[in-house]
Every structure is written in structure tokens, then in C-alpha cells.
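# Summary of structural features
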Amino acid sequence: MLRKLLIGTALASGLAFAAHAEDVKEVQMLHWWTSGGEAAALNVLKGDLAKEGFAWKDVPVAGGGGDAAMTALKAMVAAGNYPTASQMLGYTVLDYAAAGVMGDLTETAKKEGWDKSVPAALQKFSVYEGKWVAAPVNVHSVNWLWINKAVMDKIGGTEPKTFDDFVALLDKAKAAGVIPLALGGQNWQEATMFDSVVLSTGGPEFYKKAFNDLDDASLKSDTMKKSFDNLAKLVSYVDPNFSGRDWNLATAMVIKGDALVQVMGDWAKGEFHAAKKTPGTDFLCYRFPGTDGSVIYNSDMFGMFNVPDDRKAAQVALATATLSKSFQSAFNVVKGSVPARTDVPDTDFDACGKKGIADLKAANDGGTLFGSLAQGYGAPPAVANAYKDVVSKFVHGQIKTSDEAVTELVKAIDDAK
Amino acid sequence: MSTVATSQIKLTPEHARPRASVRSRLQDALPKIVLAPSFAITIVFVYGFILWTIYLSFTNSKTFPSYVITGWRAYQRLWGWTFDTDPPSSWYTSITNMGIFGFLYILICLALGLFLAILLDQKIRGEGMLRPIYLYPMALSFIVTGVAWKWFLDPGLGLEQTLHQWGWTSFHFDWIKNKDFVIYTVVIAGVWQASGFIMAMFLAGLRGIDGEIMKAAQIDGATTFQLYRRIVIPLLRPIFLSAFIVLAHLAIKSYDLVVALTSGGPGGSAWLPSNFMYEYTFKRNEMAVGSASAVIMLMTIVAIIVPYLYSELREKPR
């Protein structure tokens, strides 16, 4: 009995060993792209890898912001059970890289020419101490207006070029009995809108100093105070039930024509597409007034972990496929974002996508491509969340004046640094 | 060889006894053996991790646990936030909400549970059907309760909208959107869920009261109110205590209800300490501060449970 058992065990472990000696033809991928459009976008990648003979092992952890997925990832990494790759955002990649668990893709990067094609601002997050640790999948930009064209025509509005134009447009909508501004009263949505307000109020230099460099003088400045005043002005145009609303419900208000405009990142476009709306005829996409020429971005990245040697081939295949031009185009057309490399042809994209690609290229060349603080690309999570707290408390009235908001912002950021 | 054989033969009469004693010893040990795994699991995964959390709260842990002791820094920050009232810091909001929620939730659940139990105890028809109806909400998870009440209380979807459609257009109820009142909607949802369960506890207690005492009191001319005030409620004292303990720990560990109902509320105004702990540990990568807040929550529970255990254990020898 015992001998049989021993032989069995020996055989099994022998088999396992034999299997280990060869490369594992499987990609293990942790992500939170579980909603319809996102899952469809990811299927493109699955297909590309299947062609090269790599199986796909999904580790989906639902939950839009990825909090649940990040908690799961923390547990997997703590247990030494690294996935091949994981969807990650901004500073998380650097945190894990500092903890020494990320792999090294520098060879692949060199071969594929990522250094030249991926915007420098993104490389800040995908390259750690000279080593490529993540493959950026897309670039979202935050400073967009999404406008219902039918409502726009009804009130006779035109594209607002300055913040004052924008306020005048909102006034027109109000007079016509439409909800002027669709906003979801959750802290990240409010802060995402405020990113654009600050860029519009203070200009590119100011945004960079305040929200990327966290410069004390800029955070304390009158320009910041003015930005809070402008935010308060915008908030006066939302409907009374906005608190706690999900972003896609706010987008739905614009799609249905209940509201004129939403300030949201380009993932909102996915909702318009899902509702079978076309840009130009059903809805309009403009840059947030006064921010044309600059792009506030966030980006989804596939962080590559330091997996055992037998799984490295699969990882390299995944990374190569992720940043291949064909995938970048196919994926981002579906997802609503723009490619993470600037040399992808824009032929398959719609009007908004084409504008997004051109803007990204111009911003990259002109040095006006900035990380979004609300989306965790401006500063580490502790600071970004402290910022969201202050903006949200200002919008909902716990913080009553712009003066107080500025003091609180400086205090909260200092505290979190 | 032969000596061994003879000695074995000599032992034959007593041969059965050691065998039996092994067996009975095994029988004695069996409960311990069976319990050992779960005991070990509890020791490691409950008490071990409590100690670990306490340890982490004194370190400089950020994204990942770190083992460098940095003293009371996390507690000092929490202590500082405790007095940040204008504008309220997240921690101040969390603990004041805990006070409001805990107090009202426990009080209303106890009062409502007792009231319903007394009504149901009047030997009415259809009690068998009514009881599960009240008890049923307890079978739902907090997430379901939270989402259902979120829709019901939303002025654009639920109660207010419906009443407006029926013609009562002046009706106004937007607590769930109001930073000052949102915590009371959490109380409403929580009470709806738990009061039926508390009712069942009280009902069991009422059924346990000796009918003779009641009759004796009635003969002495006690009114119904006096009967309940002077006799029934004092006799229900142990039930009050158990119900209080159940409710207190439900209140302190409430997390999912707030998340489902308001996702934190306008500007974080519905946070409870458990939300604070999760936010800081997992979303803001301030594990030390998160651990410190968890330790403070534990202390709160200990402050409630220990006097209870003390009184329970003291009564035993009598």
C-alpha cells in the first residue's frame, strides 16, 4: 500500500517535473475588464496570443476602479504566486517595482522600439530604474466635453473656447429647461472634472507645477483659489440628485438628451457607442474649454511580474502582442481610448479618436502631456486620494469657501506626502 | 526468547487492561484531536493576525507590510484627525458616524423588536405566517439591503418620485443625498434588516415566561402596561443583553451597508471606521494608519464585550 503510494507520488512529481522543463504555454492575466465593451476589447488580445499558441488564463476580479483586483493582486504577490501580468495603474506599477517583484522587458522593448514610440510621460510609469516593467495598453485623456448634439442645436450653442463661453453655454441650456451639466457626485468624478478646471484656469505650466510636482507655492496660489471658484460655478449647474450617481448614468443623461454636457474621460465614448450613437451627428466631443493643445492622461498598463524562467517566453509574447500596432489599433477602437504608441495609423478610428490621437502626439511633442491627479497619474495614491477628499468635500459643502479649500488641499497633500 | 514468552504469559490476566486504557485514553483525547485543527486555525488566523495588525500599526508600512518600527506615528495622526472638526476630517466623520449609527441602530432595533414581539405574542391568528415575514430581511446580505434601499430612497427613482407621480408634489425626502442626514438612511436600512431578528429573540424570551406569574399579577389588578413594565421587561433582561451584544458587533463591523447604500456618501460623509480602515489600507497604501484604525475598532469592541464576559463568568460559580 505504502509502496504503491510512494511510487504514485514519485511518478506524479516526475511528470510535474517533466512538464516544468518545457516552457509553459499559458498567460495568466489579472484584470478588471469585465464589462461588455472592455471584455470584447480584451478578446482581441486573446485571439492574437492564441495564434501564437499561447493559452489564456483569465483571473478577472470585477469592480470598475480595480480596488478589488488590486487587493487580490497584493495577496497573490505576498504569497509568491505571481501572475504573468496584471492590469495596473500608474504608481502601483512603481510601488511593485520598488518592492522588487517586477520582471524585466528591456530586451523586448529594444527590439520593438518602445523607447521611441511610447510617449515619454508614460515611460515614467512603465520604466523603473532603466528597466521596462510594464507594457502600456492605451492612453485615456480626461479633459473632454461630451455634448448631446440635438440639445446643442436646440439651444443654438457653439463650441465653447474659453471657460466664460462654457458658462454662457450652460446658462443657455438652463434657460431652455435642460439639465446643463451631468455629473456623478462621487469623489473621483468630481476630482476628474477639477483636473480639467485647473488646467483651464491656470494653464499647462501651472497644472504641471501644482498637480505633478506638488509645488507648495502653486497649490497655495490665487490661481488655485480661482480654480475652486470656477469649480463651484460649474457645480451650480448640476441637478440636485447628482450625489452618488455612477459615471455611466451621468453619460446616459447626455445620451438621452436630459442633460447637455458631461465632463469625463474618453471612456464615456464607449457608452455612446454602446447606444449606437455616432460622433458628429449624435454627439460632439470637444476639449474642455481652454485646454486645447494639452492632454491630461491616464493609462492602463500590463505590469509584468518576475515569473520563473519557464514562463518568461509567454510573458514576452504577451508584451509584444500588447504593443503591436495592429492590436493597439484594434483594441483602442473598441475601448474608446487612443494607442499608447504614437506611430499607430488612425485610419480605423472615429472623429473623436482621430482628434485624440493627433492631440496626444502634439502634446507629447510640445511637452503638454500631464498625468491626471484624480486618476492616480499625478502623484502617489495617498496624495491623489487626499486630493479627491478635498475636492469632494468642497463640492458637497463640508468645505465652504475656496480659501478654506486651498488651505485644506495644502494640508492634506503635505500630510499624505 | 523464552523469557519474553513466559513474561507475556504471566501478564495475560492483565492483558486486557492496557488495551482498554489505550482505547479509553483515545476516547478521552478524541474531542481534543477533532477540535485541534479548528483551534489552531483560530489561534493563527484570528488571534495571530490581531497581533500582526497591532504590530503593523507601529511600523511605517505603506503599500506592503514593513517591519521597521516607527512608534506611535499612525496613532498620532489619527489622534490629530480626531479634533479636525471644521471641515471634518475623514476619521472624525467616521467616529461620529459610528456613535450616531451605533446608538440609534441598537436603540431602535431593541425598541422595535420588543414592540413587535409583544404584538405578535397576543396569540393572534396567522402568527406562523407573520413571523417569517419580519424575520426574512435578516436572510438578505447587507449588499442586497443596501442596494434596495438606495433605490427606494433615491429622490429620482424611489419614494419621492412615486409620491410625486401620485400627486403629492410637495413631498421632499432627500436624506440619502444630504451630507448631514445620510448616516440616518444607513440607520433606516440597518434597522429594517435587523429588527425582525431581534423580534424573534424577544419572542423566544416572552414564550419562556411562566404564565402563572402573569396570571397572578392580573389577579392582583395589574394593568397590561404595568404587567409589561414591572414584570415582563425585567424578566427579559438576559435577552436584552444578548440582543445588545449581537447588535453592537453588527454595528461596529458594518461596512458593506454603507458601500452599497451610498458608496461612502456625499464627500465621504457616510463613512464608518471600517470604511476608513479599508480605504487607508488598500486604496491609499497607508497600511500603518489603516492598521491603527483597526486596532481602535478592536478596542471599542473589547470595551463592550469584556464587561459582558466578566459578568457572565462571574455569575457561573453561583
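These figures come from a predicted structure and were not determined experimentally. (Residues numbered from 1 in each chain as written. Chains lettered and ligands numbered in written order. Predicted model: local features only at pLDDT ≥ 70, side-chain atom pairs only at ≥ 80, totals over all residues.)

The subject of this paragraph is the overall build of chain B. A tally of regular secondary structure across chain B gives 14 helices and zero strands. Secondary structure elements of chain B, listed N to C terminal, follow the sequence α-α-α-α-α-α-α-α-α-α-α-α-α-α. For chain B, whose C-alpha radius of gyration is 28 Å, the value lies well above the compact-globule estimate of 20 Å for 318 residues. Considered along the principal axes of its C-alpha atoms, chain B spans approximately 105 × 70 × 35 Å. Per-residue burial for chain B yields a buried fraction of 30% across its 318 residues. Partitioning the intrachain contacts of chain B with sequence separation of at least 6 by distance along the chain shows that 67% fall at a separation of at least 24. (Helix = DSSP H or I, 4+ residues; strand = E, 2+ residues; numbered from the N terminus. Rg over C-alpha atoms; globule rule 2.2 N^0.38 Å. Buried ≥ 20, exposed ≤ 12 C-beta atoms within 10 Å, placed from the backbone. Contact = placed C-beta atoms within 7 Å.)

With that settled, consider the sheet that holds strand β8 (residues 144-148) of chain A. All names here are of chain A. The four strands are arranged β9-β10-β8-β11 in an open sheet whose pairing can be described as mixed. Single-partner strands in this sheet number two, and they are β9 (179-182) and β11 (283-287). Shown here is a sheet whose adjacent strand axes are inclined to one another by a mean of 20°, direction ignored. Taken together, the five bridges between β8 and β11 define a ladder with antiparallel strand orientation. (Pairing = 2+ DSSP bridges. Axes fitted to C-alpha atoms, helices over the stretch in contact; angles between N-to-C directions.)

What follows covers the environment of A:K411. With respect to the helices, strands and loops of the structure, A:K411 is situated in helix α19 (residues 402-416). Each C-alpha atom of the pair A:K411 and A:V390 lies 9.9 Å from the other, and the pair is 21 residues apart in sequence.

Here the focus is the interface of chain A and chain B. How big an interface is tends to be stated in terms of accessible area lost as the parts join. On the chain B side, the residues contacting the 24 residues of chain A number 20 residues. Only α3 (67-78), α18 (381-396) and α19 of chain A provide two or more residues apiece to the side of chain A that touches chain B. Among the residues making up the side of chain A that touches chain B, the classes are represented as six nonpolar, 12 polar and six charged. (Nonpolar A, V, L, I, M, F, W, Y, C, P; charged D, E, K, R; others polar.)

Residue and element names in this part refer to chain A. Taken in spatial order, the four strands make up an open sheet running β14-β7-β12-β15, and their pairing is mixed. Each having just a single partner strand, β14 (338-339) and β15 (369-371) make up the two edges of the open sheet. Sheet topology note: the strand β12 (residues 295-298)/β15 ladder contains three bridges and is parallel. What sits directly across from Y297, in β15, is G371.

Domain boundaries in chain B define domain 1 (2-48) and domain 2 (73-315). The gap between the C-alpha centroids of domain 1 of chain B and domain 2 of chain B is 49 Å. (Domains from an automatic or database assignment.)

On to the domain arrangement of chain A, then. All names here are of chain A. Domains assigned within chain A are domain 1 (26-140 + 299-360) and domain 2 (141-297 + 367-416). Each of domain 1 and domain 2 has a C-alpha centre, and the two are 27 Å apart. Those elements that provide at least two residues to the side of domain 1 that touches domain 2 are β7 (138-141) and α17 (351-366). Of the residues forming the side of domain 1 that touches domain 2, the biggest block, six residues, is contributed by α17. Class assignment of the residues belonging to the side of domain 1 that touches domain 2 gives a composition of eight nonpolar, seven polar and four charged.

Mapped onto the present numbering, the UniProt feature "domain: ABC transmembrane type-1" (unreviewed entry) falls on residues 95-310 of chain B. Between the end C-alpha atoms of residues 95-310 of chain B the distance is 26 Å, and the span holds 74% helix and 0% strand. (UniProt positions renumbered as here; feature names shortened; annotations may be inferred.)

A:W146, A:M304 and A:Y387 are the most contacted members of the largest nonpolar core, which has 128 residues in total. Two domains each donate at least three residues to this core, and these are domain 1 (26-140 + 299-360) and domain 2 (141-297 + 367-416) of chain A. When residues no more than four places from it in sequence are discounted, the contact partners of A:M304 are A:A85, A:M102, A:G103, A:L105, A:V133, A:A134, A:A135, A:Q315 and A:A319. Ranked by size, the runner-up nonpolar core spans 54 residues in total, among them B:W81, B:I183, B:A270 and B:M277. (Core = buried A, V, L, I, M, F, W, Y, C linked by C-beta atoms within 7 Å.)

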